[in-house]
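# Inside the fold
The lines below spell out each chain.
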Amino acid sequence: MNFNIDFKWYQWLFGVISLILASFLTHEIFATLAESQPGVVKVLSLLIGIPLIIFLYLTFGLRSALKKSKSN
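Here the residue numbering is sequential within each chain, running from 1 through the sequence in written order. Local features in this predicted model are restricted to residues of pLDDT 70 or higher, and side-chain atom pairs are both shown and tallied only at a pLDDT of 80 or more, whereas totals for entire chains, interfaces and linings draw on every residue. The side-chain quantities take in all heavy atoms of the structure and omit both hydrogens and water.

## Re the overall build of the protein
Where we set the bar: Put simply, DSSP marks the helices as runs of H or I at least four residues long and the strands as runs of E at least two long, and each gets a number from the N terminus on. When a residue's accessible area, from a 1.4 Å probe over protein chains only, is under 20% of the maximum for its type it is buried; when over 50% it is exposed; and in between it is partly exposed. Note on contacts: a residue pair is in contact if any heavy atoms of the two residues lie within 4.5 Å. Computed by Shrake-Rupley with a 1.4 Å probe, the accessible areas treat only the displayed protein chains as cover when residues are assessed.
The helix and strand tally for the protein stands at two helices and zero strands. Looking at the protein residue by residue over its 72 residues, the buried ones come to 21%. Contacts in the protein between residues at least 24 apart in sequence constitute 72% of all its contacts with a sequence separation of at least 6. With the model as given, the accessible surface of the protein reaches about 5600 Å², and the carbon-plus-sulfur share is 73%.

## Brief notes about helix 1 (residues 9-34)
Under the convention used in this document: Each helix should span, by expectation, one fewer than its residue count multiplied by 1.5 Å.
With 26 residues, helix 1 extends 38 Å from end C-alpha to end C-alpha; this agrees with the ideal 38 Å at 1.5 Å per step. Gln-11, Phe-14, Ser-18, Leu-21, Leu-25, Glu-28 and Thr-32 are the residues of helix 1 that are buried. Of the residues trailing helix 1, Ser-36 is marked for its positive phi of about 60°.

## A short note on unusual backbone geometry
Positive phi outside glycine occurs at Ser-36, with the angle close to 60°. Looking at where Ser-36 falls in the secondary structure, it is placed in the loop between helix 1 and helix 2 (38-71).

## Some points on the side chain of Thr-32
In this fold, Thr-32 is placed in helix 1. Here Thr-32 falls in the buried class, since its relative accessible area comes to 7%. Filtering out sequence-adjacent residues up to four positions away, Thr-32 remains in contact with Gln-37, Val-40, Val-41 and Leu-44.

## Considering the nonpolar core
For the record, the criterion: By nonpolar core we mean a set of buried residues, namely Ala, Val, Leu, Ile, Met, Phe, Trp, Tyr and Cys, connected to one another through side-chain atoms within 4.5 Å.
Residues Leu-21, Leu-25, Leu-44, Ile-48 and Leu-52 constitute the largest nonpolar core, which totals five residues. Of all the elements in the fold, those that place two or more residues in this core are helix 1 and helix 2. The element that contributes the greatest number of residues to this core is helix 2, accounting for three residues. If we skip the residues at most four places from it in the chain, Leu-44 touches Leu-25, Glu-28, Thr-32 and Gly-49.

## Focus on the packing of aromatic side chains
In this description, a pair of aromatic rings is defined by centroid distance and the angle of the planes. Formally: Paired rings are identified among Phe, Tyr and Trp, the last through its six-membered ring, by centres lying within 6.5 Å, and are further divided according to the angle between planes into stacked (under 30 degrees), edge-to-face (over 60) and tilted (the rest).
Here the structure, examined in full by the defined rule, presents two aromatic pairs. With 5.7 Å between their ring centres and 85° between their planes, Trp-9 and Tyr-10 make a pair best called edge-to-face. We classify Trp-9 as exposed; its relative accessible area is 65%. A relative accessible area of 26% means that Tyr-10 is categorised as partly exposed. Geometrically, the ring pair formed by Phe-14 and Phe-55 is tilted, given 5.8 Å between the ring centres and 50° between the ring planes. Placement of the pair is Phe-14 in helix 1 and Phe-55 in helix 2, with a sequence separation of 41 residues. Given a relative accessible area of 21%, Phe-55 falls into the partly exposed group.

This is how it looks when you write it as structure tokens:
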């Protein structure tokens, strides 16, 4: 088996930050729902979810863009 893993160091960094944000968002959603505060979930989803989406794009979108530029 040949796995072609050619992530750059900054893509690993963005991936780790994404993982941390995703786990933090999941924890906070369950914690606020356990405290019966559903309105806070929307605010947390915006405050944590938008940077999470940005870092996920930087991790995987940048990888595909770099792969396309190498093939040209």
